[in-house]
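Okay, here's what each chain looks like letter by letter:
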Amino acid sequence: MNHYDKLRELVEIDSPTGFTANACKYIFDYFKSLGYNPEYTNKGAVKCALGDSPTIAMAAHVDTLGAIVSGIQKDGHLKFSLLGGLSLNGFEGEYCRIHTHDGKLYSGTLLLKDPSVHANKETNSKQRSLESMFIRLDEEVASADDTKKLGIANGDIIAFDTKYQELESGFIKSRFMDNKAGCYVLMDLARRLKEEGRSVPVELFFSNYEEVGHGGTCGYAPTIQELLVIDMGVIGDACEGKETTCSICAKDSSGPYDYDFRKKLVDLAEKNKLPYAVDIYPYYGSDGSAALRAGNDFRVGLIGPGVAASHGMERTHKKGVEATIELCMAFIR
């Protein structure tokens, strides 16, 4: 059995920030199938206690980057606004799906305006911006009225293709490894604990607004004392993390994570001979950042599998995912 099928299935469910109900239901149903009793928070996040009176929360976020229809051009194609920190350069040319208010689904492509190199000599030099780009709708439209008749309107969600591939080399390349890979870590952690027949004082938490900064602010069990966030490990010239390792974050843009918590995670990785790296992320925030800013009295740590080309065409490796799962298991033990 390939347990990574669960990652692929989750990745393929459109879940831009604000449009996560289907992905959350997938996670909810998965935990029910394992015999757990998951719950929804009022904001629509999913949480699941793996034992009584949990003192540890482990959180990942199911929401991804995306876009939203913000207007209809005179020619019938779409203006858009971003959901989260999507890179226009990194998503240019990508196919997308437009989800309408009435549940209809339309196809489109994110393009530069006047994109043909045979008609526009500035296609390479033009600055990519919301003003210079649009969503080309794959329908015969010539006016705004034509598009409105299809049922497309402001506020409709735009979700992008993922291009998920699981390779024999162990690499998994796909959009939205940030943070569907982190969700998979928690899902497989629960499966392993269930197979061991173990009840542990842990609450798994799947936030649904992380990409806009308030996913991890609230909704935890009142007994929680420590929060371990599972999110993507940054890979870059200034970082030591790799796709094949578990990254342990010492500090991000919100400040340092709990020193003793981080030290415990490093000691556990060393003791269990797990591949890891400790890094500083200067342009990064997490559900842990949000939880602390919201005033939660938690000790917070942050780990995750290394993910290359974040917010672009991302890639991770099964070794990094497995190392993250094993570090979570070691921490629980």
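Check the entry above for the structure.
Every chain is numbered on its own, with residues counted from 1 as its sequence reads. Where totals are concerned, whole chains, interfaces and linings use all residues; where local detail is concerned, this predicted model gives features only for residues with pLDDT of at least 70, and gives and counts side-chain atom pairs only at 80 or more. Hydrogens and waters are ignored; side-chain quantities use all the structure's heavy atoms.

Engineer: What exactly am I supposed to notice about empty space enclosed by the protein here?
Structural biologist: By rolling a water-sized probe across the atoms, one finds the places where empty space is left. A 1.4 Å probe that fits into a set of points on a 1 Å grid over the protein atoms alone but cannot get out defines a cavity; an open set with protein on both sides within 12 Å along at least five of seven lines defines a pocket, and lining residues are those with an atom within 4 Å of a point. Grid points are joined across faces, edges and corners, and a volume is the space filled by probe spheres set on the points. Evaluated as defined, the whole model comprises one cavity of 30 Å³ or more. What lines the largest cavity is Val 11, Ile 13, Asp 14, Ser 15, Pro 16, Thr 64, Leu 65, Ala 159, Phe 160, Thr 162, Phe 176 and Lys 180. Its residues assigned to classes, the lining of the largest cavity comprises seven nonpolar, three polar and two charged. By the convention adopted, Pro, Cys, Tyr, Trp, Phe, Met, Ile, Leu, Val and Ala count as nonpolar, Lys, Arg, Asp and Glu as charged, and the other residues, Gly among them, as polar.

Engineer: Is there a simple way to explain the pairing of strand 5 (residues 78-83) in this structure?
Structural biologist: A regular strand places its side chains so that they alternate between the two faces of the sheet. Where strand 4 (residues 66-72) meets strand 5, six bridges bridge the pair, whose relative direction is antiparallel. For Ala 67, the partnering residue across the bridge sits in strand 5 and is Leu 82. A pair of strands is treated as paired once DSSP finds two or more bridges between them. Helix and strand assignments come from DSSP, with helices taken as H or I runs of at least 4 residues and strands as E runs of at least 2, each series counted from the N terminus. In textbook terms, the turn of a hairpin is the stretch between consecutive antiparallel strands, and for strand 4 and strand 5 this stretch comprises five residues, one of which, Gly 76, has a positive phi near 95°.

Engineer: Can you help me understand the nonpolar core in this one?
Structural biologist: Burial of nonpolar side chains together is a common tendency in soluble globular proteins. Put simply, buried Ala, Val, Leu, Ile, Met, Phe, Trp, Tyr and Cys residues joined by side-chain atoms within 4.5 Å make one nonpolar core. The classification of residues rests on relative accessible area computed with a 1.4 Å probe and restricted to protein chains. Under 20% of the type maximum is buried, over 50% is exposed, and intermediate values are partly exposed. Among the nonpolar cores identified, the biggest contains 77 residues, and Phe 31, Met 58 and Leu 204 are the most heavily contacted of them. Top element by residues in this core is helix 5 (residues 177-196). It accounts for 10 residues. Should any heavy atoms of two residues lie within 4.5 Å, those residues are counted as being in contact. When near neighbours in sequence (up to four residues on either side) are disregarded, Leu 204 contacts Phe 31, Val 46, Lys 47, Cys 48, Leu 50, Met 58, Leu 186, Leu 189 and Ala 190. By size, the runner-up hydrophobic cluster in this structure holds 24 residues, among which are Cys 96, Met 133, Leu 137 and Val 141.

Engineer: Would you explain the side chain of Arg 175 in this entry?
Structural biologist: Along the chain, the position of Arg 175 falls in the loop between strand 11 (171-173) and helix 5. There is a polar contact of 2.8 Å between the side chain of Arg 175 and the backbone oxygen of Gly 90. Here a polar contact is recorded for every N or O atom pair within 3.5 Å, except that within protein the pair must consist of a potential hydrogen donor and a potential acceptor, and residues adjacent in sequence are included only if both atoms are side-chain atoms. Engagement of the side chain of Arg 175 in a polar contact is seen with the side chain of Glu 94, the distance being 3.1 Å. When residues no more than four places from it in sequence are discounted, the contact partners of Arg 175 are Val 11, Gly 90, Phe 91, Glu 94, Asp 161, Thr 162, Gly 312, Met 313 and Glu 314.

Engineer: Would you mind going over the sheet that holds strand 10 (residues 165-166) with me for this structure?
Structural biologist: Strand-to-strand pairing in sheets goes through backbone hydrogen bonds, with the strands running parallel or antiparallel. Pairing in this open sheet of three strands is antiparallel, and the strands run 10-11-19 from one edge to the other. Strands with a single pairing partner mark the edges of an open sheet, and in this sheet they are strand 10 and strand 19 (315-317). Relative to strand 19, strand 11 is paired through three bridges, and the arrangement is antiparallel. Note on strand 19: the bridge partner recorded for Ile 172 is Thr 316. Here the axes come from fitting lines to C-alpha atoms, over the contacting stretch only for helices, and the angles between their N-to-C directions go from 0 to 180 degrees. Along the sheet, helix 8 (residues 318-332) contacts strand 10, strand 11 and strand 19; its crossing angle with strand 19, the most-contacted strand, is approximately 65°.

Engineer: Help me understand helix 2 (residues 21-34) in this model?
Structural biologist: With 14 residues, helix 2 extends 20 Å between its outermost C-alpha atoms, agreeing within 8% with the 20 Å of an ideal straight helix rising 1.5 Å per residue. Considered for burial, the residues of helix 2 that qualify are Ala 23, Cys 24, Tyr 26, Ile 27, Phe 28, Tyr 30 and Phe 31. On its buried face, helix 2 sits against helix 1 (5-11), strand 1 (39-40), strand 2 (46-49), helix 5 and strand 12 (202-207). Immediately downstream of helix 2, the backbone of Gly 35 shows phi near 100°, a positive value. Under the convention used throughout, the expected extent of a helix is 1.5 Å for every residue step, that is, one less than its residue count.

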